[in-house]
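So the chains spell out like this:
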Amino acid sequence: MSETREFKTESKRLLDLMINSIYTNKEIFLRELISNASDAIDKYHYLSLQDETLPRRNDYEINLKLDKDLNTITIKDNGIGMTYDELINALGTIAKSGSAEFIEKLKEIQKNKEEGKEDAEMPSDIDIIGQFGVGFYSAFMVAKKVEVRTRSLYDTKGYLFTSTGEETYTVDEIEKDDSGTEITLYLREKTDEYDYTQFTEEWTIKNLVKKYSDYVRYPITMLVTESVPVEGKKDKYEDKVVLKTLNTMTPIWKKNKNDVTDEEYNKFYQEKYYDYRDPLLHILLNVEGKVNYTALLYIPGAAPYNLYSEKYEKGLQLYSKGVFIVDKCKELLPDYLRFVKGLVDSPDLSLNISRELLQKSQEITDIATNIEKKIISRLQNLQENDFDKYLDFFKNFGVNIKFGVYDDFGMKKDMLKDLLIYDTVNSEKMISLKEYVKNMKEDQKEIYYASAKTKEAVLAMPQMDLLKKKEYDVLILHDDVDEFVINILEEYDGHKFKSVNQGDLDLLDKEEEKKIKDLNKEKKPLLDALKDALNGEVDEVRISKRLTNSAVCLVSGDGVSFEMEKVLHQMPNVNENIKANKILELNSNHEVFKAIDEAYDKNPDSIKDYAELLYNQALIIEGFKIKDPLRFSELMCDLMIKSNK
């Protein structure tokens, strides 16, 4: 029996669309055909468990055969096979489910491509992935002719399907000894644009199986040439053709975690992600629920060199039933967890027809949300039970957690705030905000912080005078993002954050407050004269409520701080008029203030030089550049000369 039939769809047009529009990577054909073979074996195994009359077998196998002379590759399985009707329905009817809408969408994609648009997506409600006929037609990307030999488990006859991917195909009745399917691809000739003959090379096929199908649950075998020792001859080798299994089959994340050592997880990480160091920790998740999935996640032992560059791509590898789908699925990780490596394997994904791109699916959103929570939970556990190891994590990736707090206007601040740790002036080790609050003095109401590179720099700040006297602890902010994070948090456990050099510290009692207030009124002419002499450089000059030992300091008003001003001005396209309000504070108990006060009484015009000296001194203390270093030096010299006369 031999018959020629026409495809039941738009045949050549549709095949062209499928080949040229859906699959952007030609090598994907092997993944599709191996996946189909695996599905066929799954069906055989399932039916044999349900029906005792069917023969059970334990020799399931997917075999690959390469023939360079014929320029062919053959994929053979011993699965369920196809009857005549199944063959016609599977291979003769492309996209049987939802075919009309499917064809229209393909046309739209092709039209958009021709017009230079790439934003069309497959409709999410067409679930045709996994149908044999769809993946099968990827073969025509690389083959000029395809032959399918098949025999169903429920039939005594075999059938040969032959097609060149054009308007028609032929079906012939053949003899076939066992059930299963064998697909032979007659590869296209090599061209200047593409080398189709590469798919008859052993190393190419080995690499493709390793990349896409390493975790297919059945052995994928192929005859390969290997160099083996010659028996009885030392250091002598000969080439032999051996049948080799190319795939791992059982992935490490599917094994019982009690059967896998930390060393094995670490070795898998190093080989998979090309890192010679052990990861800091791994997280294995087996989730059953609305979406079933397994995830194996790693936090690296050190930050990748390009973690903060534009070229760095975040994301987790994505598998569906052990079949590789996407190398870096960025939708599975929030940006602040971009350093996390790993993979997700789920049977419940809504994949598009080519398995190359994900639909914007709820499944992915649900998996991503759960993964994020699990990572945060594991980090919290690490912080509580192995703080030294958590310190290693935070030194490498703490800035990422801070960006997570700050990003999206603090949407995740409550989830992440307890992961933050800081150096402080009173602690030898970094501490959490929870520990800071626990250690607060009885009369302390606010959480104090200062921006500086070192603890010594904070302790040297004149703004610290009163805080040191009261023995209050102060958080030390090292990173550019820190003050933005603090501003987003606003408070922790009911205690507001307070900068040591911004606004009033409100640490004086009522009597001291009144004394300073009265002194500001009394010395208003002097303070106004100092402000006028600085010609708009400061917004206010006042008697300080925070200085006890130092003569002068510079503080900012509410809003933008000095540190924020520095950070913002380092960014491109930022308005340079964004500045912190500068307030010059003077210590009324210091000898310098008394000397200036006396000089002003004797000669009000002399105040200009004193104002400039005090302001430049405060700028230097605060880490700002002074406008005219030479003039500052000359004024200092003049002052020293006058003091000796």
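Our focus in this paragraph is unusual backbone geometry. The phi torsion at glutamate 490 lies on the positive side, around 70°, for a residue other than glycine. Relative to the assigned elements, glutamate 490 resides in the loop between helix H14 (482-489) and strand S19 (491-492). A positive phi angle, near 55°, is found at aspartate 493, a position not held by glycine. Inspection of the secondary structure puts aspartate 493 in the loop between S19 and strand S20 (495-499).

Before going further, it helps to spend a moment on the layout of surface pockets. Empty space left among the atoms is revealed by rolling a probe the size of a water molecule over them. Approximately 980 Å³ is the volume found for the largest pocket. Sorting the residues of the lining of the largest pocket by element identifies helix H6 (202-212), helix H7 (262-273), strand S12 (316-320), strand S13 (323-329) and strand S14 (341-345) as the ones contributing at least two each. By residue number, the principal contributor to the lining of the largest pocket is H7, which donates 7 residues.

Take the pattern of salt bridges next. As enumerated under the stated definition, the model contains 39 salt bridges in all. For glutamate 3, the salt bridge is made with arginine 5, and the minimal N-O distance between the two is 3.5 Å. According to the relative accessible area criterion, arginine 5 is partly exposed, its value standing at 25%. Salt-bridge contacts for aspartate 528 lead to lysine 524; the nearest nitrogen and oxygen are separated by 2.6 Å. Of the two residues, aspartate 528 and lysine 524 both sit in helix H16 (residues 524-533), 4 residues apart, roughly one turn of that helix. A relative accessible area of 29% places aspartate 528 in the partly exposed class. A single network of salt bridges, built from pairs that share partners, joins Asp504, Glu513, Glu540, Arg542, Lys545, Arg546 and Glu585.

Bringing the sheet that holds strand S10 (residues 281-287) into the picture now. Read across the open sheet, the 5 strands follow the order S10-S11-S14-S12-S13; overall the sheet is mixed. Either end of the sheet is taken by a strand with one partner, and the two such strands are S10 and S13. On average, adjacent strands in this sheet sit at an angle of 15° to one another, irrespective of strand direction. Across 3 bridges, S12 lies against S14 in parallel orientation. The partner of glutamine 317 across the bridge, within S14, is leucine 343. Lying over the sheet, helix H8 (residues 362-385) contacts S10, strand S11 (293-299), S12 and S14, oriented at roughly 135° with respect to S10.

For the rest of this paragraph, the subject is the environment of tyrosine 422. On the secondary structure map, tyrosine 422 appears in strand S15 (residues 421-424). Relative accessible area serves as the criterion here: at 1%, tyrosine 422 is assigned to the buried category. Expressed as a C-alpha distance, the spacing of tyrosine 422 and leucine 433, which sit 11 residues apart in the sequence, is 7.9 Å. The contacts of tyrosine 422, once residues within four sequence positions are left out, are Lys402, Lys429, Met430, Ile431, Leu433, Leu475, Ile476, Leu477, Asp482, Val485 and Ile486.

Ranked by internal contacts, the top residues of the largest apolar core, which has 174 residues, are Phe136, Leu185, Ile371 and Phe393. With 9 residues, helix H2 (residues 28-50) is the single largest residue contributor to this core. Excluding its chain neighbours within four sequence positions, the residues that come into contact with phenylalanine 136 are Leu33, Asn36, Leu91, Val146, Val148, Phe161 and Ile183.

When two helices pack together, their arrangement is given by the angle between the helix axes and by the axis-to-axis distance. Packing of H16 against helix H18 (residues 591-602) leaves a shortest axis separation of 11 Å and a crossing angle of 90°. Classified by the angle between their axes, H16 and H18 sit roughly perpendicular to one another. In this structure, H16 contributes Pro525, Leu526 and Ala529 to the contact, and H18 contributes Phe593, Ile596, Asp597 and Tyr600. Split by residue class, the contact of H16 with H18 holds 6 nonpolar, no polar and 1 charged.

Our next topic: a negative patch on the surface. Together, Asp262, Glu263, Glu264 and Asp278 give the surface a local cluster of negative charge. Relative to the assigned elements, glutamate 263 resides in helix H7. A relative accessible area of 58% means that glutamate 263 is categorised as exposed.

Okay, the confidence of the model for the chain next. Per-residue pLDDT for the chain has a mean of 87; in total, 89% of the residues score no lower than 70. Contacts for the low-pLDDT stretch residues 95-100, under 50 throughout, to residues beyond four places or in other chains number 10 contacts. Long-range and interchain partners of residues 120-133, a stretch whose pLDDT sits below 50, account for 42 contacts in this model, where long-range means more than four residues apart.

What follows concerns the environment of isoleucine 62. Position of isoleucine 62 among the secondary structure elements: in strand S2 (residues 62-67). In this structure the C-alpha to C-alpha distance between isoleucine 62 and glycine 79, which are 17 residues apart in sequence, comes to 8.9 Å. Look past the residues within four positions of isoleucine 62 in its chain and what remains in contact with it is Ile34, Ala37, Ser38, Ile41, Ile75, Lys76, Val216, Pro219, Ile220 and Thr221.

Here we take up the environment of leucine 343. Summarising the element assignment, leucine 343 is placed in strand S14. Measuring from C-alpha to C-alpha, the distance between leucine 343 and leucine 284 comes to 10.0 Å, with 59 residues separating the pair along the chain. In contact with leucine 343, other than residues within four places in its own chain, are Trp253, Phe268, Tyr273, Thr294, Ala295, Leu296, Leu297, Leu316, Gln317 and Tyr319.

With that settled, consider the sheet that holds strand S16 (residues 431-432). An order of S16-S15-S18-S17-S20-S19 is seen for the 6 strands of this open sheet, with the pairing classed as mixed. One side of each edge strand has no neighbouring strand; the edge strands of this open sheet are S16 and S19. Inspection of the sheet shows S15 paired to S16 by 2 bridges, in the antiparallel sense. By the bridge assignment for S16, tyrosine 422 is matched with isoleucine 431. Contacting S15, strand S17 (447-451), strand S18 (474-477), S19 and S20, H14 crosses the sheet at an angle of about 155° to S17.

What follows covers H8. An α-helix turns once per 3.6 residues; consequently, residues spaced three or four apart project the same way. The terminal C-alpha atoms of H8 lie 35 Å apart, and with 24 residues this matches the ideal 34 Å at 1.5 Å per residue to within 8%. If you check which residues of H8 are buried, you get Glu363, Ile364, Ile367, Ala368, Ile371, Glu372, Ile375, Ile376, Leu379, Leu382 and Gln383.

For the structure on display, the rule yields 29 aromatic pairs. Taking 5.3 Å as the distance between ring centres and 90° as the angle between the ring planes, the aromatic pair formed by phenylalanine 562 and phenylalanine 624 counts as edge-to-face. Highlighted residues: phenylalanine 562 in helix H17 (residues 562-570) and phenylalanine 624 in the loop between helix H19 (607-622) and helix H20 (629-643), separated in sequence by 62 residues. One exposure class covers both phenylalanine 562 and phenylalanine 624, and it is buried. Members of the aromatic cluster, joined through ring pairs, are Tyr212, Tyr215, Trp253, Phe268, Tyr319 and Phe324.

We now examine H18. The first and last C-alpha atoms of H18 sit 17 Å apart over 12 residues, in line with the 16 Å expected at 1.5 Å per residue. Phe593, Ile596, Asp597, Ala599 and Tyr600 are the residues of H18 that are buried. In an axial view of H18, the angular spread of the buried residues amounts to 165°, which keeps them on one side of the axis. Turned more than 90 degrees away from the buried face of H18, the exposed residues are Glu591, Asp601 and Lys602. Elements in contact with the buried residues of H18: H16, strand S21 (540-543), strand S23 (582-586) and H19.

Parameters and conventions
Residues numbered from 1 in each chain as written. Predicted model: local features only at pLDDT ≥ 70, side-chain atom pairs only at ≥ 80, totals over all residues. Heavy atoms only, no water. Helix = DSSP H or I, 4+ residues; strand = E, 2+ residues; numbered from the N terminus. 1 Å grid on protein atoms, 1.4 Å probe; cavity = no way out; pocket = protein on both sides within 12 Å on 5 of 7 lines; lining within 4 Å. Points joined across faces, edges and corners; volume = space filled by probe spheres on them. Salt bridge = Lys/Arg side-chain N within 4 Å of Asp/Glu carboxyl O. Buried < 20%, exposed > 50% of the residue type's maximum accessible area, 1.4 Å probe, protein only. Pairing = 2+ DSSP bridges. Axes fitted to C-alpha atoms, helices over the stretch in contact; angles between N-to-C directions. Contact = heavy atoms within 4.5 Å. Core = buried A, V, L, I, M, F, W, Y, C linked by side-chain atoms within 4.5 Å. Parallel < 35°, antiparallel > 145°, perpendicular 65-115°, else oblique. Nonpolar A, V, L, I, M, F, W, Y, C, P; charged D, E, K, R; others polar. Patch = residues over 30% accessible without salt bridge, like charges linked within 9 Å, V, L, I, M, F, W, Y side chains within 5 Å. Areas by Shrake-Rupley, 256 points an atom, 1.4 Å probe, with all protein chains shown as cover. Lys, Arg positive; Asp, Glu negative; His and termini not counted. Charge placed at Lys NZ, Arg CZ, Asp CG, Glu CD. pLDDT = per-residue confidence, 0-100. Expected span 1.5 Å × (residues − 1). Phe/Tyr/Trp six-rings, centres within 6.5 Å; stacked < 30°, edge-to-face > 60°. Arc of directions from axis to C-beta.

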